[in-house]
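# Observations on chain architecture
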Amino acid sequence: MAESSAPPAPAFIGAEIYRLPVFRPPHPLAVPRAMLVRDLIAACGWLPESRYHEAEIATVQELRRFHTPDYIAALQQAEVAQDLPASVREATRIGADSNPIHAAVFRRPATSAGGALKAAGLTSGGGVVHAPGVGNHHGRPARASGFCFVNDVALLILRWRDLGIRRVAYLDLDAHHGDGVEAAFADDPDVLTISVHEAGRWPRSGNESDAARGILNFPVPPGFNDSELAWLMEAAILPAIRAHAPEALVFLPGADALADDPMAKLDLSNNALWAALRAVAGLAPRLAVLGGGGYNPYALARCWAGIWAILNGFAIPEALPPAAVGVLREVAYFRPAGRNPPSHWLTTLRDPAAGGPVRDAVKRLAEEGRA
Ligand SMILES: [Zn+2]
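Keep in mind that this is a model prediction, so the values were computed, not measured.

Tetrahedral metal sites with four donors have an ideal angle of 109.5 degrees; octahedral sites with six donors have ideal angles of 90 or 180 degrees. Looking at the metal site, the zinc ion is ligated by Asp174 (OD), Asp174 (OD), His176 (ND1) and Asp256 (OD), spaced 1.9 to 2.8 Å from it. Summarised as a motif, the one-chain spacing of the donors to the zinc ion is D-x1-H-x79-D. Linking His176 in the loop between β4 (168-172) and α7 (179-184) with Asp256 in the loop between β7 (248-252) and α9 (270-280), this pair joins segments that are 80 residues apart in sequence. Residues His176 and Asp256 agree in their burial class; the two are buried.

Structure follows, in structure tokens:
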């Protein structure tokens, strides 16, 4: 999507390790995610082999660019021993909160980190990557948080910085505040972090902006609809990104912002996230589209498959081809909605539009967030 001469075709980054069923119901992550997207776009005929890149596990040295040595050692120890001393759990939150110790508790997040580093490398000279397994935006240098054992987003941006790319913009549309990424770059005005998230929802931060430090937050009310996201984009977010003049852009379309997601109360359709992507795609010569949250596998896969279509200029079909319907029919979703999924979860990518009135609270946020 670079404006200059022919950029390389978009690359898709996945990892077979995501298929391991390491999370068990009722953990929200006990659903297929990134590789379901891979399978769905392949079934649509949209993924030539040359465009698929398997993430490689990041080295300890690479992880240390953001994480502390003790924390990385704890992750490794947790995987080997399948346990940690209480004091280490307490300090690192590995095996605490909703961050369970599982069979690949080091290798899987370290592979997401490897995918993030690959995303940075593939776009070093310009271009577009889609890495839906990357997007652990809550991770802290020495602490797991919100299902995130690493902060692969921070590692991606740091790798770009190490490659000489200075000005970066990060747009996080996940239902939860992108607190880990904001904190990572709070003292770096060259990295603009923007988060749109449900007000009052965990981690309950992100209530204020600090434009001088490159931090913009839009804590939106429950019921946030397609028209309201379009309003925020036009009135505040796009002007801020343009003013920042980024050399590289990260777009995190958390699928828990969708109305069909069980973990938040926003009412977006996938049309809104697709429109936001179209609006930002030309604003920097490098674009990394990641994943983020998303706990309804049908909603997530259809949204993120549509994102791959948009990045490639493919028309989104009204009806999915039989092979793609077959992929969605194989999905195991442990929640009640998975017993009898509505037909459009199986046969289409596009949600019904979810427009509506733009509430005063949203207009006020746009005013306050205007840089
Ligand atoms: Zn989320």
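Right, picking up where we left off after that structure.
Bringing the packing of aromatic side chains into the picture now. According to the stated counting rule, one finds seven aromatic pairs in the structure shown. One cation-aromatic arrangement involves Arg33 over Tyr295; the distance from NZ or CZ to the ring centre is 5.7 Å. The side chain of Arg38 reaches across the aromatic face of Tyr52, ending 5.2 Å from its centre.

Pairing is possible between side chains that carry opposite charge, provided their charged atoms lie close to one another. Under the criterion given, the structure shown has 20 salt bridges. With its nearest N and O atoms 3.2 Å apart, the salt bridge here joins Asp39 to Arg38. Taking the relative accessible area as the measure of exposure, Arg38 reaches 23% and is therefore partly exposed.

Alternating residues of strand β8 (residues 286-289) divide into Arg286 and Ala288 and Leu287 and Val289, and every residue in both groups is buried. Strand direction decides the pairing type here: strand β3 (residues 127-130) and β8, joined by four bridges, are parallel. Its bridge partner being in β8, Val128 is matched across the sheet by Leu287. Bridging between β7 and β8 involves three bridges; their strand directions are parallel. If you follow Phe251 over to β8, its bridge partner there is Val289. What joins β7 to β8 is α9, and the crossover it makes is right-handed.

On to the sheet that holds β7, then. In spatial order, the strands read β2-β1-β3-β8-β7-β4-β5-β6; together these eight strands make up an open sheet with parallel pairing. Only two strands of the sheet have a single partner each, and these edge strands are β2 (52-54) and β6 (215-220). Strand-to-strand twist of the sheet, defined as the mean angle between neighbouring strand axes without regard to direction, takes the value 15°. One ladder, built from three bridges, connects strand β1 (residues 11-14) with β2; its direction is parallel. When the sheet's bridge partners are listed, Gly14 is paired in β2 with Glu54.

Thresholds, definitions, all that
Residues numbered from 1 in each chain as written. Predicted model: local features only at pLDDT ≥ 70, side-chain atom pairs only at ≥ 80, totals over all residues. Heavy atoms only, no water. Donors = N, O, S within 2.8 Å, 3.2 Å for Na, K, Ca; no water. Helix = DSSP H or I, 4+ residues; strand = E, 2+ residues; numbered from the N terminus. Buried < 20%, exposed > 50% of the residue type's maximum accessible area, 1.4 Å probe, protein only. Phe/Tyr/Trp six-rings, centres within 6.5 Å; stacked < 30°, edge-to-face > 60°. Lys NZ or Arg CZ within 6 Å of the ring centre and 35° of its normal. Salt bridge = Lys/Arg side-chain N within 4 Å of Asp/Glu carboxyl O. Pairing = 2+ DSSP bridges. Right-handed = clockwise from strand over helix to strand, strands pointing away. Axes fitted to C-alpha atoms, helices over the stretch in contact; angles between N-to-C directions.

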